Amino acid sequence: MRGELKRFDNLDELSEAAAADVCSLISETVSRKGACSVALSGGNTPRALHHLLATRYRDEIPWDSVSIFFGDERYVPHSDKKSNYLMAKETLLDLVPIPKGNIHPIRTDLSGTDKAASAYERVLRNFFQDVGETFDLLLLGMGKEGHTASLFPHSKVLDECRKWVTAVDVPATPSSRITLTYPILNRSASIYFLIAGSDKRPALSKVVNTESDYHLFPARGIEPVKGKLAFWVDSSADPA
Ligand code: 6PG
C-alpha cells in the first residue's frame with residue numbers, strides 16, 4: 001500500500017471530510033508560511049468538495065492568501081463546458097473572496113497547445129522559483145483506466161523528467177490537453193486523490209500497489225518526493 005487510504009461510505013461523506021481537512025490544511029499553511037498554493041483537478045468528483053469550500057468553509061479560509069493553479073486543462077475556451085477552469089470558476093472561484101490575481105488558469109486563448117504549455121511553465125517557475133517544494137496542496141482525480149491530470153497510459157509524457165508542463169494528445173474528449181508532469185506534481189507537500197465509483201476500483205487496486213507500472217496506470221507515478229499522499233475513496237472504489 002502506498003500513501004494513506006481514507007475510506008468513506010459515499011462521495012458526500014468523502015467530500016465533507018475532505019473539505020474539513022482542506023480548510024485546516026490551508027489555514028495551518030497560511031499561519032505557518034503566510035500563503036498557500038493549491039492545484040485543482042478537473043472532472044466531476046471535486047464538485048461537492050468545491051461546494052463545501054465555497055459555503056460551509058467560505059469564511060474560515062483565508063482566501064486572500066491562497067493561490068490557485070490547475071493540474072491540467074483541456075485546450076478549449078474558458079467559456080466551454082469542458083473547461084476545468086470553468087468548472088472551478090462556477091463551483092468555487094466565483095463564490096469565494098479570492099483576489100483574481102491569485103487565480104492562475106492555464107491560458108487556452110494562446111494559439112497552440114505548445115504555447116499554452118510553455119506559458120504556464122513560466123508562470124509556475126516564476127511562482128515557485130525552483131525552491132524545491134511546489135504546491136502546498138495538490139488535488140487529483142483518477143480515470144477508470146488509471147490516468148490522472150492528463151497523464152494517460154502509454155503516453156510519452158510519463159517519462160518527461162525536465163519540463164513541468166507539456167502539451168499532450170489524449171484518448172479522451174477533448175483530446176488536446178495541457179498537463180503538469182510528474183516532476184512538478186511529485187514535489188507537492190500534500191497530494192490528495194479524490195476517487196469515487198465502482199468503475200475506478202480495478203485501476204485503484206493497481207495504483208496503490210507498489211509493484212504496478214506507472215506506464216500502465218499513470219496515477220501510480222504520483223509518488224511525492226517528500227510530501228504526504230492520501231487516497232480519499234468511497235466504498236465502491238475501495239480496493240480493499
Ligand atoms: C480532467 C481531470 C482528470 C480527472 C479524472 C477523473 O481534466 O478530466 O483532470 O484527471 O480528475 O478524469 O474525473 P472524474 O472526477 O470526473 O471521474
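Residues numbered from 1 in each chain as written. Predicted model: local features only at pLDDT ≥ 70, side-chain atom pairs only at ≥ 80, totals over all residues. Heavy atoms only, no water.

Novice: Whenever I open this one, the overall build of the protein chain confuses me. Can you help?
Specialist: Helix and strand counts for the protein chain come out as 6 helices and 9 strands. Taking 18 Å as the expected radius of gyration for a compact globule of 240 residues, we find that the protein chain reaches 16 Å, a close match to that expectation. Judged by the C-alpha coordinates and their principal axes, the protein chain covers about 40 × 40 × 35 Å. For the protein chain, with 240 residues in total, the buried portion stands at 56%. Long-range contacts, defined here as pairs at least 24 residues apart, represent 77% of the contacts in the protein chain between residues at least 6 apart. Carbon and sulfur atoms form 51% of the exposed surface of the protein chain, whose accessible area is close to 10,300 Å². Distance between charge centres in the protein chain, computed from 29 positive and 31 negative side chains, equals 4 Å. (Helix = DSSP H or I, 4+ residues; strand = E, 2+ residues; numbered from the N terminus. Rg over C-alpha atoms; globule rule 2.2 N^0.38 Å. Buried < 20%, exposed > 50% of the residue type's maximum accessible area, 1.4 Å probe, protein only. Contact = heavy atoms within 4.5 Å. Areas by Shrake-Rupley, 256 points an atom, 1.4 Å probe, with all protein chains shown as cover. Lys, Arg positive; Asp, Glu negative; His and termini not counted. Charge placed at Lys NZ, Arg CZ, Asp CG, Glu CD.)

Novice: Would you mind showing me how to read the site of the ligand here?
Specialist: By nearness alone, 15 residues border the ligand, and N44, T45, D72, A149 and K200 come closest of all. A distance of 2.6 Å separates an oxygen atom of the ligand from a polar atom in the side chain of T45. Taking H147, its side chain carries an N or O atom lying 2.8 Å from an oxygen atom of the ligand. Protein contacts shield 88% of the accessible area of the ligand, which totals 410 Å² for the unbound molecule. (Near = heavy atom within 4 Å. Polar contact = N/O pair within 3.5 Å; in protein donor to acceptor, adjacent residues only side chain to side chain.)

Novice: Help me out: how do you make sense of the pattern of salt bridges in this one?
Specialist: Where side chains of opposite charge bring their charged atoms close, a pairing between them can arise. Counted according to the given criterion, the structure contains 13 salt bridges. Between D109 and R107 there is a salt bridge, and its shortest N-O distance comes to 2.5 Å. For D109, a relative accessible area of 53% gives the class exposed. Each of R2, R220 and E223 takes part in a single network of salt bridges with overlapping partners. (Salt bridge = Lys/Arg side-chain N within 4 Å of Asp/Glu carboxyl O.)

Novice: Just checking my understanding: could you explain the packing of aromatic side chains for this structure?
Specialist: The description of two aromatic rings rests on the distance between their centres and on the angle between their planes. The tally for this structure, following the rule as stated, stands at 11 aromatic pairs. Ring geometry for F69 versus F127: centroids 4.8 Å apart, planes at 65°, classification edge-to-face. One end of the pair, F69, is in strand 3 (residues 66–70); the other, F127, is in helix 4 (residues 113–128), and 58 residues separate them in sequence. Residue F69 is classed as buried on the basis of its relative accessible area of 0%. Judged by relative accessible area, F127 falls into the partly exposed class, the value being 37%. Considering the side-chain rings of F127 and F128, the 5.0 Å spacing of their centres and the 85° angle between planes classify their relative orientation as edge-to-face. What makes F128 buried here is its relative accessible area of 6%. Three or more aromatic residues joined by ring pairs make a cluster, and in this case those are F69, F127, F128, F135 and W164. Directly above the ring of W232 sits K6, whose terminal nitrogen or CZ lies 4.8 Å from the centroid. (Phe/Tyr/Trp six-rings, centres within 6.5 Å; stacked < 30°, edge-to-face > 60°. Lys NZ or Arg CZ within 6 Å of the ring centre and 35° of its normal.)

Novice: Please clarify how unusual backbone geometry should be interpreted in this entry.
Specialist: In most cases, non-glycine residues show a negative phi, while peptide bonds are predominantly trans. Residue P174 follows T173 across a cis peptide bond; omega there is -10°. Positionally, P174 belongs in the loop between strand 6 (165–169) and strand 7 (176–180). In this structure, A149 is a non-glycine residue whose phi angle is positive, near 50°. Here A149 is to be found in the loop between strand 5 (137–140) and strand 6.

Remember, this is a structural readout, not a statement about activity or role.
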